[in-house]
Amino acid sequence: MLGIIRFIFFLLTLLIAGYGLLTGDFRLMPFMMLSLGGLMLVSGLYEWNRSRAVGYMFFIVSTFVFYAFGQSIWLH
């Protein structure tokens, strides 16, 4: 189940980033950061369930990405 959710977040992040790069319209970049944070969070849960220590690094990265998302929303 986590693998499917991780794949959905991956596709969402990839589509938004590709849209921004191809069109030059970067208004959706905060939402790309949100989906990237979700991807990192779900990847952390997936790795943590598999008893790997790298899962904690995903949690730390997802916290930073969510912080960057919040800053981009509240500052603009």
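In the block above lies the structure referred to throughout.
Criteria and cut-off values
- Residues numbered from 1 in each chain as written.
- Predicted model: local features only at pLDDT ≥ 70, side-chain atom pairs only at ≥ 80, totals over all residues.
- Heavy atoms only, no water.
- Axes fitted to C-alpha atoms, helices over the stretch in contact; angles between N-to-C directions.
- Helix = DSSP H or I, 4+ residues; strand = E, 2+ residues; numbered from the N terminus.
- Parallel < 35°, antiparallel > 145°, perpendicular 65-115°, else oblique.
- Left-handed = near helix turned anticlockwise from the far one by under 90°.
- Nonpolar A, V, L, I, M, F, W, Y, C, P; charged D, E, K, R; others polar.
- Phe/Tyr/Trp six-rings, centres within 6.5 Å; stacked < 30°, edge-to-face > 60°.
- Buried < 20%, exposed > 50% of the residue type's maximum accessible area, 1.4 Å probe, protein only.
- Lys NZ or Arg CZ within 6 Å of the ring centre and 35° of its normal.

(A) View of the packing of helix α2 (residues 29-49) against helix α3 (residues 54-75). Look at α2 against α3: their axes get within 8 Å of each other, and the N-to-C directions meet at 160°. Taken together, the axis directions place α2 and α3 in an arrangement best described as roughly antiparallel. With respect to the hand of their crossing, α2 and α3 are arranged in left-handed fashion. Residue composition of the contact of α2 with α3, grouped by class: 19 nonpolar, seven polar and one charged.

(B) Just the packing of aromatic side chains, in detail. Tallied over the full model, the rule gives one aromatic pair. For the ring pair F7 and F10, a centre distance of 6.4 Å and an interplane angle of 35° mean the geometry is tilted. Of this pair, F7 and F10 both sit in helix α1 (residues 2-23), three residues apart, which is roughly one turn of that helix. Under the relative-accessibility criterion, F10 is labelled partly exposed at 39%. Looking at R6, its charged tip hangs above the ring of Y46, at a distance of 4.2 Å from the centre.

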